[in-house]
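Reading the structure
As a plain string of letters, each chain reads:
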Amino acid sequence: MQRLYPPPWTPELPLAGLYLEQPLPPEPAQGAWLYTNFVTSLDGRISLDHGGGCRIPGSIANDRDWRLFQELAARADCLITTGRYLRELAAGCAQDILPLGAEFDDLRRWREAAGMPAQPDVAIVSASLDFAIPPLLREQGRRLWLLAPREAAAERLAAHRRAGAEVLPYPGGEQAEGAGIRHALERLGYRRIYSVAGPQLARTLIAGGALDTLFLTVRHRVIGGAAGSFETLIEGAPLTGSQAFELRWLYLDPAPEGAGQHFARLDATPAARRG
Ligand SMILES: NC(=O)c1ccc[n+]([C@@H]2O[C@H](COP(=O)([O-])OP(=O)(O)OC[C@H]3O[C@@H](n4cnc5c(N)ncnc54)[C@H](OP(=O)(O)O)[C@@H]3O)[C@@H](O)[C@H]2O)c1
């Protein structure tokens, strides 16, 4: 690994630990810090339709990016996921159960040494409530929050409560707003909130001025795909105005035998952060 930015250029950094030991927000006097992470191809694809739904293609997913994704989870006290993810998990076509994954014992020990619970809590955002909560999440001792429409069907809410969820109703109709999601989790005392959800939730958070930081892995491959057969970072109606981000760091992970990748941290500028 090489650090390209900020200077000085630094060659031969180990990958493991890169995101564990970096000082990260928030400062004690600040509120929460909300961040997300994506891996994309050079042509901006984050997932491809394989006939039974979209998945992150093997041509861009890789163990080194996965390690950093897990390190970011190790830093979190709450993860945001979605109803769709839990449906895909139940159908056997989603990556792993929510981090931290079983193969990352060292990250659990790291959290223990930092005085953190073994696993971050989980906040599920869903309008449909059409999913089942995997028992494992509760067995791991996590608190499970369900952000659901205020008008959601009572029997669906009751089923999720029986499965261990604590319900946080969001106002304003079918779709949650980014600032509302952020404030609900801040009020519960969470300081580092990691969205491991996909492009619809990323849009919700960015449109609501609620995302502080985007971690972006770009795999140096072009993968193509017909219109409608892939997803990009943000899905949904165009944003009102563009949202500006500032580069905070950039690492190159060369791969002499094939496609390398780079890892960037991009912080939302104050104008893009209205939450
Ligand atoms: N390449 C990458 O780094 C990367 C990272 C993450 C995800 N992905 C891919 O992205 C795809 C989708 O991921 P995802 O399902 O986790 O995320 P998503 O597309 O952001 O979320 C979709 C679901 O989240 C709920 N949702 C989103 N915004 C909402 C809002 N404002 N209010 C209420 N509910 C809302 C809805 O659930 P209900 O339908 O239950 O209402 C919706 O169906 C997958 O194919 C995944 O592989 C790729």
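About the criteria used
- Residues numbered from 1 in each chain as written.
- Predicted model: local features only at pLDDT ≥ 70, side-chain atom pairs only at ≥ 80, totals over all residues.
- Heavy atoms only, no water.
- Phe/Tyr/Trp six-rings, centres within 6.5 Å; stacked < 30°, edge-to-face > 60°.
- Helix = DSSP H or I, 4+ residues; strand = E, 2+ residues; numbered from the N terminus.
- Buried < 20%, exposed > 50% of the residue type's maximum accessible area, 1.4 Å probe, protein only.
- Axes fitted to C-alpha atoms, helices over the stretch in contact; angles between N-to-C directions.
- Parallel < 35°, antiparallel > 145°, perpendicular 65-115°, else oblique.
- Left-handed = near helix turned anticlockwise from the far one by under 90°.
- Contact = heavy atoms within 4.5 Å.
- Core = buried A, V, L, I, M, F, W, Y, C linked by side-chain atoms within 4.5 Å.
- Pairing = 2+ DSSP bridges.
- Near = heavy atom within 4 Å.
- Polar contact = N/O pair within 3.5 Å; in protein donor to acceptor, adjacent residues only side chain to side chain.
- Areas by Shrake-Rupley, 256 points an atom, 1.4 Å probe, with all protein chains shown as cover.
- 1 Å grid on protein atoms, 1.4 Å probe; cavity = no way out; pocket = protein on both sides within 12 Å on 5 of 7 lines; lining within 4 Å.
- Sits in = over half its atoms within 2 Å of the grid points.
- Patch = residues over 30% accessible without salt bridge, like charges linked within 9 Å, V, L, I, M, F, W, Y side chains within 5 Å.
- Salt bridge = Lys/Arg side-chain N within 4 Å of Asp/Glu carboxyl O.

Looking at an unreviewed UniProt entry, the protein carries the name Bacterial bifunctional deaminase-reductase C-terminal domain-containing protein, with the source organism given as Halorhodospira neutriphila.

Attention shifts here to the packing of aromatic side chains. Applying the stated criterion across every chain yields a total of 10 aromatic pairs. Geometrically, the ring pair formed by Tyr19 and Trp249 is tilted, given 5.6 Å between the ring centres and 40 degrees between the ring planes. Here Tyr19 is found in the loop between strand 1 (2-5) and strand 2 (33-40), whereas its partner Trp249 is found in strand 12 (residues 245-253), with 230 residues between them in sequence. Judged by its relative accessible area of 3%, Tyr19 falls in the buried class.

Our next topic: the packing of helix 1 (residues 63-74) against helix 3 (residues 105-113). One can describe the packing of helix 1 onto helix 3 by two numbers: an axis separation of 10 Å at closest approach and a directional angle of 20 degrees. Taken as axis vectors, helix 1 and helix 3 run roughly parallel relative to one another. Helix 3 is crossed by helix 1, and the crossing has right-handed handedness. Residues Arg67, Gln70, Glu71, Ala73 and Ala74 of helix 1 form the contact with helix 3, whose own contacting residues are Asp106, Leu107, Trp110 and Arg111.

This part covers the nonpolar core. Most often, soluble globular proteins keep nonpolar side chains buried together rather than apart. Of all hydrophobic cores here, the largest spans 42 residues; its most connected members are Tyr19, Leu146 and Tyr194. At the level of elements, strand 2, helix 1, helix 2 (83-90), strand 6 (121-125), strand 7 (144-149), strand 8 (165-170) and strand 12 are the ones that each hand at least two residues to this core. No other element matches helix 1, which puts 6 residues into this core. For Tyr19, the contacting residues outside a window of four places in its chain are Leu24, Leu68, Glu71, Leu72, Arg75, Phe215, Trp249, Phe263 and Ala264. Core analysis: the next-biggest nonpolar cluster, separate from the first, contains 31 residues, Cys78, Leu205, Leu211 and Ala264 among them.

So, about the sheet that holds strand 6. Taken together, 10 strands build an open sheet; the order of strands is 1-12-13-10-2-9-5-6-7-8 and the sheet is mixed. In this open sheet, the two edge strands, each paired with only one partner strand, are strand 1 and strand 8. Between one strand axis and the next, the sheet turns by 25 degrees as a mean value, whatever way the strands run. In this fold helix 6 (residues 178-187) packs onto strand 2, strand 5 (78-82), strand 6, strand 7, strand 8 and strand 9 (192-195), with an angle of close to 145 degrees to the strand it touches most, strand 5.

Right, let's get into the sheet that holds strand 4 (residues 54-55). To summarise the sheet geometry, strands pair through backbone hydrogen bonds and adopt either a parallel or an antiparallel arrangement. Across the sheet, which stays open at both edges, the 3 strands sit in the order 4-3-11 with antiparallel pairing between neighbours. Two strands bound the open sheet, and with one partner strand each, they are strand 4 and strand 11 (230-231). In the sheet, strand 3 (residues 47-49) pairs with strand 11 via 2 bridges, with the strands oriented antiparallel. In the strand pairing of strand 11, Ser47 is matched with Glu231.

We now examine the site of the ligand. The ligand sits among 26 residues. The nearest are Val39, Arg87, Ser126, Gly198 and Leu201. A distance of 3.1 Å separates an oxygen atom of the ligand from a polar atom in the side chain of Thr82. Take Ser126: an N or O atom from its side chain is 2.7 Å from an oxygen atom of the ligand. Look at the ligand: alone it shows 900 Å² of surface, and the protein chains cover 91% of it. Cavity membership is defined here by more than half of the atoms lying within 2 Å of grid points; on that basis the ligand lies in the largest pocket. Contributions of two or more residues to the shell around the ligand are made by strand 2, helix 2 and helix 7 (199-207).

What follows is about a nonpolar patch on the surface. On the surface, Leu4, Tyr5, Trp9 and Leu247 cluster together into a nonpolar patch covering about 380 Å² of accessible area. By the secondary structure assignment, Leu4 is in strand 1. On the basis of relative accessible area, Leu4 is assigned to the partly exposed category, the value being 37%.

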